Amino acid sequence: MKKRVLAGICAALMSLSIVACGSEEATNNTTEQASTEGSEAVTDDSDLEYIKGKGTLIVGITDFAPMDYKDDNGEWIGYDADLAKKVAESLGVEVEFVEIDWDNKILELQNKSIDVVWNGMTLTPEVTNAMECTDPYLNNAQVVVVSSDKAAEVTTVEEAAQLSFAVESGSAGEAAAEENGFNYVAVKSQADAVMEVSAGTSDACIIDLLMAGAMVGEGTSYDSLTHTVELTTEEYGIGCRKGSDLAAYINDELKALYEDGTMEEIANTYGVQDAIITK
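Cut-offs used in this document
Residues numbered from 1 in each chain as written. Predicted model: local features only at pLDDT ≥ 70, side-chain atom pairs only at ≥ 80, totals over all residues. Heavy atoms only, no water. Patch = residues over 30% accessible without salt bridge, like charges linked within 9 Å, V, L, I, M, F, W, Y side chains within 5 Å. Areas by Shrake-Rupley, 256 points an atom, 1.4 Å probe, with all protein chains shown as cover. Salt bridge = Lys/Arg side-chain N within 4 Å of Asp/Glu carboxyl O. Lys, Arg positive; Asp, Glu negative; His and termini not counted. Charge placed at Lys NZ, Arg CZ, Asp CG, Glu CD. Helix = DSSP H or I, 4+ residues; strand = E, 2+ residues; numbered from the N terminus. Core = buried A, V, L, I, M, F, W, Y, C linked by side-chain atoms within 4.5 Å. Buried < 20%, exposed > 50% of the residue type's maximum accessible area, 1.4 Å probe, protein only. Contact = heavy atoms within 4.5 Å. Axes fitted to C-alpha atoms, helices over the stretch in contact; angles between N-to-C directions. Parallel < 35°, antiparallel > 145°, perpendicular 65-115°, else oblique. Nonpolar A, V, L, I, M, F, W, Y, C, P; charged D, E, K, R; others polar. Polar contact = N/O pair within 3.5 Å; in protein donor to acceptor, adjacent residues only side chain to side chain.

### Quick look at a negative patch on the surface
Then step 1. Together, D149, E153, E158 and E159 make up a region of like negative charge exposed at the surface.
Then step 2. Structurally, E153 can be placed in the loop between β7 (138-147) and α6 (157-160).

### Here's the deal with the nonpolar core
Then step 1. If you look at the biggest cluster of nonpolar residues, it comprises 56 residues, and the most contacted ones within it are Y79 and W118.
Then step 2. Ranked by the residues each element gives to this core, the list is headed by helix α3 (residues 79-91), at 7 residues.
Then step 3. Look past the residues within four positions of W118 in its chain and what remains in contact with it is V59, G60, I61, D68, D80, L83, A84, V87, Y137, I238, I250 and L254.
Then step 4. Of all hydrophobic cores here, the second largest spans 15 residues; its members include V144, V154, L163 and L231.

### What about the packing of α3 against helix α10 (residues 246-259)?
Then step 1. Running from N to C, α3 and α10 point in directions that differ by 110°, and their axes come no closer than 10 Å. The angle between α3 and α10 places the two elements in the roughly perpendicular class. Taken together, the residues of α10 that come into contact with α3 (itself represented by L83, K86, V87, S90 and L91) are L246, Y249, I250, E253, L254 and L257.
Then step 2. Here the contact of α3 with α10 is built from residues that sort into 8 nonpolar, 1 polar and 2 charged.

### A closer look at the pattern of salt bridges
Then step 1. Enumeration according to the criterion identifies 5 salt bridges in this entry.
Then step 2. One salt bridge in this structure joins D47 and R241, with 3.3 Å as the shortest N-O distance. In this pair, D47 is assigned in helix α2 (residues 47-54) and R241 in the loop between β11 (225-240) and α10, connecting sequence segments 194 residues apart.
Then step 3. Judged by relative accessible area, which is 6%, D47 ranks as buried.
Then step 4. Taken together, the shared-partner salt bridges connect D47, K54, D115 and R241 into one network.

### What to know about helix α7 (residues 172-179)
Then step 1. What α7 keeps buried is the set A172, G173, E174, A176 and A177.
Then step 2. Regarding α7, its N-cap is S171, as a side-chain oxygen of that residue lies 3.2 Å from the backbone nitrogen of G173 further along.
Then step 3. Of the residues one or two after α7, G181 is the one with positive phi, at around 70°.

### Structural notes on unusual backbone geometry
Then step 1. Cis peptide bonds are those with omega within 30 degrees of zero, and the linkage from A65 to P66 qualifies with 5°.
Then step 2. Checked against the element boundaries, P66 lands in the loop between β1 (56-61) and β2 (69-70).
Then step 3. Although it is not a glycine, K112 adopts a positive phi angle of roughly 60°.
Then step 4. Assignment of secondary structure puts K112 in the loop between α4 (105-110) and β5 (116-122).
Then step 5. Of the residues examined, K112 reaches a relative accessible area of 28% and is grouped as partly exposed.

The structure is reproduced here in C-alpha cells:
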C-alpha cells in the first residue's frame, strides 16, 4: 500500500514538473515573440530608421530629362537625382536609382522595392491618396508636342483633339488626354512618347513642360519637334510610403537646400530655376 502511495506521489510530482517546464517554455517563447514583434514594430514605424539601417535610399525613377537621366558615363543625373543625392548624404546612406514602370509606382513603394518616388511626379488625387507626399517643390504643366511644321495648326485644344497622341501610361499626360477626350495610345515613358512623334507613328504626344524644354526644339535631339498647347498647370511632389516620416524629413532638407542656395544652383544647371516653388 505504501509503495502505491509513494508511486502516486512521484507521478504527481513528475506531472507538475512537466507542466512547469511547459509553462516556462511557453513564457519564454511568448517573451521572445513579443521582443521580435517589438523590434519589427520599431522598423515599421519609422522609414528613416529602416533606411538608415539598410544603408541605402532607393529612389524610383524613369528616364526623364531634366529630372532624372543618365550622363555619358551612365550615371544618373538631373534636378531630382541631384537633390536625392543631397538628401541621402544628409541621412548618411548611399543613394540607389531604380528605373520603374511608372504605372506601378504605388505598388513598388508598398512592396519596399523602392523607398521614394522622386521623378517629377505630379501631385494628382490618386498620388496624394496613396502616398505620403512632400510639399510641392516645382511648378509644371502638361503640353502638346508636335512636329514643328504642324505647330501653326495646333494652337487650341479643339485643334489638338483632331490628332492621335502617345502618352506615358499612368501619367498626368494620360489623365489630360482622357479629360479632353483625345485619341491616344499609352507607352512606357515620356521619352517613348516623344519618339512616337519623331517616328511619325503618332501625330502628337503630351509630356511635362519641363521635359519639353529639355528634349524638343532647337539645340536638342528632337530639333524638328516643338510644344504648343498647354493643357494643365500642376505641381511636382515627392512620394513616400503612406504614413512615412521620410516625407517630412525631405521637406526640411529641401527647405535648408533652398535657404543656402543649393537648390537654385542645381536648378540653374538643368534650366528649371524659373519653376522653383519658394519655401
